[in-house]
Amino acid sequence: MALPDDPDLPMLHDCALQTMDRILQLKSIACRESALHGLGHWHRDYSEKVSQIIDRFCAAHAGIDPRLSAYAQSARCGCVL
């Protein structure tokens, strides 16, 4: 677990965001939903990066299940439980 003053913390956070971005490319709805959920939690501290990742996902997958699309929009503003 990284501590707040860990000099590698920014790299760890960047890797986590990249991983969630890659998971969104999987065909599994459950994996995509999980990645969106995680991104929603990261929105507070990384709103710009999260919005970019989710916007790219939505643009590339316009025909996805409407429920997943709605969840993506919720995650985009950090509205996940």
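To be clear, the structure that these remarks concern was listed above.
Residues numbered from 1 in each chain as written. Predicted model: local features only at pLDDT ≥ 70, side-chain atom pairs only at ≥ 80, totals over all residues. Heavy atoms only, no water.

Here we look at the overall build of the protein
The number of helices and strands found in the protein is four helices and zero strands. Reading the secondary structure of the protein in the N-to-C direction produces α-α-α-α. Against the globule reference of 12 Å for 81 residues, the protein gives a C-alpha radius of gyration of 13 Å, in line with a compact fold. Dimensions along the principal axes, computed over C-alpha positions, put the protein at roughly 40 × 20 × 20 Å. For the protein, buried positions account for 31% of its 81 residues. Across the protein, 8 positive and 10 negative side-chain charges occur, with their mean positions spaced 9 Å apart. (Helix = DSSP H or I, 4+ residues; strand = E, 2+ residues; numbered from the N terminus. Rg over C-alpha atoms; globule rule 2.2 N^0.38 Å. Buried < 20%, exposed > 50% of the residue type's maximum accessible area, 1.4 Å probe, protein only. Lys, Arg positive; Asp, Glu negative; His and termini not counted. Charge placed at Lys NZ, Arg CZ, Asp CG, Glu CD.)

So, helix α2 (residues 29–42)
With 14 residues, α2 ought to run about 20 Å at 1.5 Å a step, and its terminal C-alpha atoms sit 20 Å apart, in line with that. Every buried residue of α2 is accounted for by Arg-32, Ala-35, Leu-36, Gly-38, Leu-39 and Gly-40. (Expected span 1.5 Å × (residues − 1).)

What about the packing of α2 against helix α4 (residues 66–76)?
Put simply, α2 and α4 touch, their axes get as near as 8 Å, and they point 15° apart. Classed by the angle they form, the pair α2 and α4 counts as roughly parallel. For α2 against α4, the interelement crossing comes out left-handed. In this structure, α2 uses Ile-29, Arg-32, Glu-33, Leu-36, His-37, Leu-39 and Gly-40 to contact α4, whose residues at the interface are Leu-68, Tyr-71, Ala-72 and Ala-75. In terms of residue class, the contact of α2 with α4 is made up of seven nonpolar, two polar and two charged. (Axes fitted to C-alpha atoms, helices over the stretch in contact; angles between N-to-C directions. Parallel < 35°, antiparallel > 145°, perpendicular 65-115°, else oblique. Left-handed = near helix turned anticlockwise from the far one by under 90°. Contact = heavy atoms within 4.5 Å. Nonpolar A, V, L, I, M, F, W, Y, C, P; charged D, E, K, R; others polar.)

Comments concerning helix α1 (residues 9–23)
Over its 15 residues, α1 extends 21 Å from the first C-alpha to the last, a length consistent with the 21 Å expected when each residue adds 1.5 Å. Considered for burial, the residues of α1 that qualify are Leu-9, His-13, Leu-17, Met-20 and Asp-21. In a view along the axis of α1, the buried residues occupy a sector of 120°, so they form one face of it. Exposed and oriented more than 90 degrees from the buried face of α1 are Met-11 and Arg-22. Lining the buried residues of α1 we find α2 and α3 (47–60). (Arc of directions from axis to C-beta.)

Notes on the state of the cysteines
Under the definition given, this model contains zero disulfides. With no disulfide partner, Cys-77 has as its closest neighbouring cysteine sulfur the one in Cys-79, 3.1 Å distant. Since its relative accessible area comes to 43%, Cys-77 is described here as partly exposed. (Disulfide = S-S within 2.5 Å.)

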